[in-house]
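Residues per chain are reported as follows:
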Amino acid sequence: MSRPPMPVTRIAAQGRLGAIDLSWKLPGWDPLVDHFAIHMSKDPEVELTPETIIGKTVYGRFTHDTLGPRAETRHYRIVTVDAAGRRSRPSRLVRGVSTESMTMRGRAVAQVGAFDSKSLELALAPDRGQPDYLDTFPDGVDFRYGQSDPATDWCYLHPGPRDRWAGNRAHTFRLRFDMSPAPTADPGLAIWLVDTHATLAGTATLAVNGVEVTDVEFAGGATRGSLEGDATVPGTALVPSFVELRLPAERFVAGANSVDITKTTGSWHAYDAVGVFALER
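Note that the structure is a prediction, hence the values are computed from the model and not measured.

Caption draft 1: View of the overall build of the chain. If you tally the helices and strands in the chain, you get three helices and 17 strands. Each of the three principal axes of the chain carries a C-alpha extent, and together these read 75 × 45 × 25 Å. Considering only contacts within the chain whose residues lie at least 6 apart along the sequence, 74% involve residues at least 24 apart. In the form shown here, the chain has an accessible surface area of approximately 13,300 Å², with 48% of it arising from carbon and sulfur atoms. Here the chain contributes 30 positive and 34 negative side-chain charges, whose respective centroids are spaced 7 Å apart.

Okay, structure coming up:
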């Protein structure tokens, strides 16, 4: 009788915003490995039951995402499963902690959508972005916080210059809001995405009150976010990503302000939510 599969070793967990990345050393493929089953629990005791499996993979890495804006602690064990369905001993226990978002530690000055790994509350979601964008938003998005409605005035899909269906040009999404008084500490900008184009995620230029302040590069996703709007569905192909950074306080004024997101290269990205937050120094 052949031996059961070997367990994985050197398992590690690295937390980041909204996710925990797991990695491990592959145990070899004799006997033939079918997959690795990732078991997870909020408690240190991870039961090895079908209910605790959060994913399966043939690679030596796995991302547990859609953990939300809070700092979340999770515990994991990994089991090797061979082609005959036999299971290895579990790996050692590993603990991971995701990073807290500025949406939790800051005060929202302006916000579009909910930071919940879904785009469903935004205009044209979940799948009318490509056919209806140019007719609905021919000049891009111009959204005034407190007056505009996310369901009609902020498109979930932000096209880029590589998108023929949007005219192969840059598009600007503008968020307008009031501040009183002017900030003394650099405000934060949170851009949460449910998905991006896999190979052409592209870049965007950020401007405050018409003055460019920085460029951001988006992570490649699964190219499904133009058609699907809920990254929390079990087994979803969507790959959420997050951009959080500070904007220079000196660019803001007391009264009316605006932040522009202009897609300068690449293809589309699909929003979860966007917000400007007052933060401490």
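Caption draft 2: Focus on the pairing of strand E13 (residues 203-208). When you tally the buried positions in E13, you get five out of six residues, the bulk of the element. Alignment of E13 against strand E14 (residues 211-217), held across six bridges, turns out to be antiparallel. Residue pairing in the sheet places Leu206 in a bridge with Thr214 of E14. Between E13 and the antiparallel strand that follows it, E14, lie two residues; Asn209 among them carries a positive phi value of about 50°.

Caption draft 3: The arrangement of the sheet that holds E14 in detail. The mixed open sheet is built from five strands, whose spatial order is E9-E11-E16-E13-E14. On the outer flanks of this sheet lie strand E9 (141-144) and E14, each paired with one strand and no other. The average undirected angle you get between the axes of adjacent strands in this sheet is 20°.

Caption draft 4: Fine view of the sheet that holds strand E2 (residues 19-25). The strand order E1-E2-E5 describes an open sheet built from three strands, whose pairing is antiparallel. Lying at the two open borders of the sheet, with one neighbouring strand each, are strand E1 (9-16) and strand E5 (61-64). On average, each strand axis in the sheet is tilted by 15° relative to the strand beside it, whichever way the strands run.

Caption draft 5: Highlighting the pattern of salt bridges. Scanning all chains against the criterion turns up seven salt bridges. Ionic pairing is found between Arg74 and Glu72, a salt bridge with its closest N-O pair at 3.3 Å. Between Arg128 and Asp132 there is a salt bridge; the shortest N-O distance is 3.1 Å. Assessed through its relative accessible area of 23%, Asp132 is described here as partly exposed.

Caption draft 6: Local environment of unusual backbone geometry. Backbone torsion omega between Ala125 and Pro126 reads 5°, so that peptide bond is classified as cis. Positionally, Pro126 belongs in the loop between strand E8 (107-112) and helix H2 (129-136). Pro181 follows Ser180 through a cis peptide bond whose omega is -5°. Following the sequence through the fold, Pro181 ends up in the loop between strand E11 (171-179) and strand E12 (188-196). Even without glycine at this site, Asn168 takes up a positive phi of about 50°. With respect to the helices and strands, the residue Asn168 is situated in the loop between strand E10 (157-158) and E11.

Caption draft 7: Region of interest: the environment of Ser23. Among the secondary structure elements, Ser23 is positioned in strand E2. A C-alpha to C-alpha distance of 29 Å links Ser23 and Trp268, two positions 245 residues apart in sequence. Setting aside residues up to four positions removed in sequence, Ser23 forms contacts with Arg10, Ile11, Ala12, Gly60 and Arg61.

Caption draft 8: Just the side chain of His171, in detail. Relative to the elements of secondary structure, His171 occurs in strand E11. There is a polar contact of 3.5 Å between the side chain of His171 and the backbone oxygen of Arg169. Those residues in contact with His171 that sit more than four places away from it in its chain are Tyr133, Leu134, His158, Pro159, Ala166, Ile261, Thr262 and Lys263.

Caption draft 9: Expanded view of the side chain of Thr80. Assignment of secondary structure puts Thr80 in strand E6 (residues 73-82). At 2.9 Å, the side chain of Thr80 and the backbone oxygen of Met6 are in polar contact.

Caption draft 10: Representation of the packing of aromatic side chains. The full count for this structure, using the stated rule, is 12 aromatic pairs. Ring centres of Phe177 and Phe252 lie 6.4 Å apart, and the angle between their planes is 40°; this geometry places the pair in the tilted category. Within this pair, whereas Phe177 is found in strand E11, its partner Phe252 is found in the loop between strand E15 (241-246) and strand E16 (255-265), the two being separated by 75 residues in sequence. Among the residues examined, Phe177 registers a relative accessible area of 1% and is labelled buried. A network of ring pairs unites the aromatic residues Tyr133, Phe137, Phe143, Trp154, Trp165, Phe173 and Tyr271 as a single cluster. The cationic tip of Arg61 hangs over the ring face of Tyr59; the distance from NZ or CZ to the ring centre is 4.8 Å.

The rules we used
Residues numbered from 1 in each chain as written. Predicted model: local features only at pLDDT ≥ 70, side-chain atom pairs only at ≥ 80, totals over all residues. Heavy atoms only, no water. Helix = DSSP H or I, 4+ residues; strand = E, 2+ residues; numbered from the N terminus. Contact = heavy atoms within 4.5 Å. Areas by Shrake-Rupley, 256 points an atom, 1.4 Å probe, with all protein chains shown as cover. Lys, Arg positive; Asp, Glu negative; His and termini not counted. Charge placed at Lys NZ, Arg CZ, Asp CG, Glu CD. Buried < 20%, exposed > 50% of the residue type's maximum accessible area, 1.4 Å probe, protein only. Pairing = 2+ DSSP bridges. Axes fitted to C-alpha atoms, helices over the stretch in contact; angles between N-to-C directions. Salt bridge = Lys/Arg side-chain N within 4 Å of Asp/Glu carboxyl O. Polar contact = N/O pair within 3.5 Å; in protein donor to acceptor, adjacent residues only side chain to side chain. Phe/Tyr/Trp six-rings, centres within 6.5 Å; stacked < 30°, edge-to-face > 60°. Lys NZ or Arg CZ within 6 Å of the ring centre and 35° of its normal.

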